[in-house]
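Here is how the chains run, residue by residue.
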Amino acid sequence: MGNTPALCGGSGVSTRQARIAELAHQLSQTGLDNIHPFMDLAWLTEAYHCTRKDGAPGIDGVTWAEYGDNLASNLASLLSRAKSGTYRAPPVKRAHIPKGDGETRPIGIPTLEDRVLQRAVVMLLEPIVEREFLDCSYGYRPGRSAHQAVARIWKGIMDEGTTWVADIDIRKFFDTIDHGHLRTMVRKRVRDGVVTRLIDKWLSAGVMENGAWHDAEAGTPQGGVISPMLANLYLHDVLDTWMAEVVPPYLKGRVFLVRYADDVIIGCERKEDADMLLTVLPKRLGKYGLALHPDKTRLIRFGRPVGRDGNDRDGKPPETFDFLGFCHYWGRSRKGPWVVMRKTAKSRLARAISRIGEWCEKHRRLPIREQHKALCAKVRGHNAYFGITGNYRSLGLFVRGVAGRWRFWLNRRGNDVSFTFEKLDKLLEWLPLPRPSVVQSVYKAKP
């Protein structure tokens, strides 16, 4: 959830993307019907080099390096099949990873060739949809990041009189996107048969799990390169434009929306606006096959505290809410006034430390220097995301958690050497872990 990279493409691809954006502006009422000629062998070559080299192989077992051994021939064949309509989208290999709430999240692993072709189509579509997407949307978009979304929430609460926060959770969003509605949304922008046919094939490809194929009647392919863009398009039409164009006449106070993929926060100045939105939003989502999670969607009292007791104007303490791994709460700034502060959410911190323990268990027999090098990289990665203004204490808790898990598993290397805390202290003097570091100032981040 860090920064989203800019559009793939060298100067030649970027020039053609600019031309696509220009055509989209000219033909915004009818949709583009002839963009597949932009996708040639050079375009696919660029898509291949933009595809992750270390991605897990799909059901065919082909890796990035293996596909590249005969790249020109492979891409020429792929291009021919894509444009002639003979390309067959393979099923996505499905796996499940645990979530913080005890449930599991399905992830998909497409084949390398499928990822390349999806990347090529994303490069075609992104200049078209990016000109429409609104500023409230931050997830999986070029030049936008989770930190910018967090900064927008800070600005909305501090500057716009927000007293109530609606924490919106769309239940199993990526699994329940309606294919019929999605196809209509795509064809509203693009009528090119080559492109729409490929998207239809990906939606219908299904998944392969434990050797059995399962149909995909709804949802976008988890793990697919094109999935985030299609999801953004879906919620752009279902939620973003509705909030921007339909809802405002019914509001009595100021309201702001921040969305990162399917993570949504709505800030409201007045409670009656929040109540109204939480009443009509399920009906709006229901028209498109979506539903709010009944337990995770909640309305939070988040008025600015007054006085020394930390209560709001109604005499009640503000609640807290989590968004993108950060717990938002009111605290005193160094100069005294109440400000919105952020710290690593408890569940995210516990999960991060737990994963460090799993890594240390699995790699406990590696040389200590190799373990140290890997753990340092993990701490720096944690700092890169969670190292924001006001979060120094939680960063320190993470570093101490890493040190504790490391000592625990060094003690279980199968030899007679006991790794006491004193020995760990000496080890950390010799091989120190990176210190907590605030590397992101959310006050300076451009929302």
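Since the model is a prediction, treat every value here as computed from it, not as a measurement.

Enquirer: I keep staring at the overall build of the chain and nothing clicks. Help me out?
Expert: In terms of regular secondary structure, the chain is built from 15 helices and 11 strands. In terms of overall dimensions, the chain is globule-like: its C-alpha atoms have a radius of gyration of 24 Å, near the 22 Å expected for 447 residues. In terms of its C-alpha atoms, the chain occupies a principal-axis envelope of roughly 65 × 65 × 45 Å. Taken over 447 residues, the chain has a buried fraction of 49%. Sequence separation of 24 or more characterises 70% of the internal contacts of the chain that already satisfy a separation of 6 or more. Of note, the chain has its 69 positive side-chain charges centred 5 Å away from the centre of its 49 negative side-chain charges.

Enquirer: Before we go on, may I ask you to explain the side chain of His 382 in this structure?
Expert: Secondary-structure assignment places His 382 in helix H13 (residues 368-386). The residues touching His 382, leaving out its near neighbours within four places in the chain, are Ala 352, Gly 387, Leu 395 and Phe 398.

Enquirer: Is there a simple way to explain the sheet that holds strand S6 (residues 255-260) in this structure?
Expert: Strands belonging to one sheet form pairs held by backbone hydrogen bonds; the direction of such a pair is parallel or antiparallel. Across the sheet, four strands lie side by side as S6-S7-S3-S8; this open sheet has antiparallel pairing. Each of the sheet's edge strands pairs with one partner strand only, and the pair in question is S6 and strand S8 (298-301). Pairwise comparison of adjacent strand axes, ignoring direction, gives a mean angle of 20 degrees for this sheet. Relative to strand S7 (residues 263-268), S6 runs antiparallel, the two sharing six bridges. Looking at the pairing, Leu 257 lines up with Ile 266 of S7. Set on the sheet, helix H6 (residues 146-159) makes contact with strand S3 (164-169), S6 and S7; between it and S6 the angle comes to about 165 degrees.

Enquirer: Would you explain the packing of aromatic side chains in this entry?
Expert: Counting across every chain of the model gives 12 aromatic pairs. Between Phe 173 and Phe 174 the ring centres are 5.2 Å apart and the planes differ by 70 degrees, which places this aromatic pair in the edge-to-face class. Connected via pairs of aromatic rings, a cluster forms that spans Phe 173, Phe 174, Tyr 234 and Tyr 288. A cation sits over an aromatic face here: Lys 53 above Trp 64, 4.9 Å from the ring centre.

Enquirer: I would appreciate a short explanation of the pattern of salt bridges in the present structure.
Expert: Counted under the stated rule, the structure contains 18 salt bridges. The salt bridge partner of Arg 16 is Asp 40, with a shortest N-O separation of 2.9 Å. Highlighted residues: Arg 16 in helix H1 (residues 11-26) and Asp 40 in the loop between H1 and helix H2 (41-50), separated in sequence by 24 residues. On the accessibility criterion, Asp 40 (28% relative accessible area) is partly exposed.

Enquirer: Mind showing me how you'd approach H2 here?
Expert: Because each turn of an α-helix spans 3.6 residues, side chains separated by three or four positions in sequence point in the same direction. Looking at H2, one finds that the buried residues are Trp 43, Leu 44, Ala 47 and Tyr 48. The arc that holds the buried residues of H2, viewed along the axis, is 140 degrees, so those residues lie on one side. The distance from a side-chain oxygen at the start of H2 to the backbone nitrogen of Ala 42 is 3.2 Å, and the residue carrying that oxygen is Asp 40.

Enquirer: Help me out: how do you make sense of unusual backbone geometry in this one?
Expert: Across the chain, the bulk of peptide bonds are trans and the bulk of non-glycine residues have phi less than zero. Backbone geometry at Tyr 140 places phi at a positive 55 degrees, although glycine is not the residue there. The residue Tyr 140 is located in the loop between helix H5 (112-130) and H6 in this model. Residue Lys 172 is not a glycine yet carries a positive backbone phi of 45 degrees. We classify Lys 172 as partly exposed; its relative accessible area is 46%.

How each quantity is defined
Residue numbers restart at each chain and count upward from 1, following the sequence in its written direction. For this predicted model, a pLDDT threshold of at least 70 governs which residues receive local features, and a threshold of 80 or more governs which side-chain atom pairs are given and counted, while totals over whole chains, interfaces and linings are taken from all residues. Only hydrogens and water are set aside when side-chain values are computed; all heavy atoms of the structure are taken into account. Helix numbers and strand numbers start at the N terminus; a helix is a DSSP run of H or I with at least 4 residues, a strand a run of E with at least 2. The globule rule used here is 2.2 Å times the number of residues to the 0.38 power, and the radius of gyration it is set against is calculated over C-alpha atoms. Relative accessible area decides the class of each residue, using a 1.4 Å probe on protein chains only: under 20% of the type maximum gives buried, over 50% gives exposed, and in between gives partly exposed. Note on contacts: a residue pair is in contact if any heavy atoms of the two residues lie within 4.5 Å. Only four residue types enter the tally: Lys and Arg on the positive side, Asp and Glu on the negative side, with His and both chain ends excluded. For this purpose, a charge sits on NZ of Lys, CZ of Arg, CG of Asp or CD of Glu. Pairing between two strands is assigned when DSSP locates at least 2 bridges connecting them. To get an axis, fit a line to the C-alpha atoms, keeping to the stretch in contact for a helix; angles then go from 0 to 180 degrees between the N-to-C directions. What counts as a ring pair is set by centres within 6.5 Å for rings of Phe, Tyr and Trp (its six-membered ring), and what kind of pair is set by the plane angle: stacked under 30 degrees, edge-to-face over 60, tilted for all other angles. Two conditions define a charge located above a ring, namely a distance within 6 Å from the ring centre to NZ of Lys or CZ of Arg, and an angle within 35 degrees of the ring normal. Between Lys or Arg on one side and Asp or Glu on the other, a salt bridge is scored when a side-chain nitrogen of the former is within 4 Å of a carboxyl oxygen of the latter. Working definition: the arc comes from the directions between the helix axis and the C-beta atoms, pointing outward to the latter. We define a polar contact as two N or O atoms separated by no more than 3.5 Å, with the added condition that, inside protein, one atom must be a possible hydrogen donor and the other a possible acceptor, whereas residues neighbouring each other in sequence contribute only through side-chain atom pairs.

Remember that the coordinates give geometry; whether it matters functionally is a separate question.
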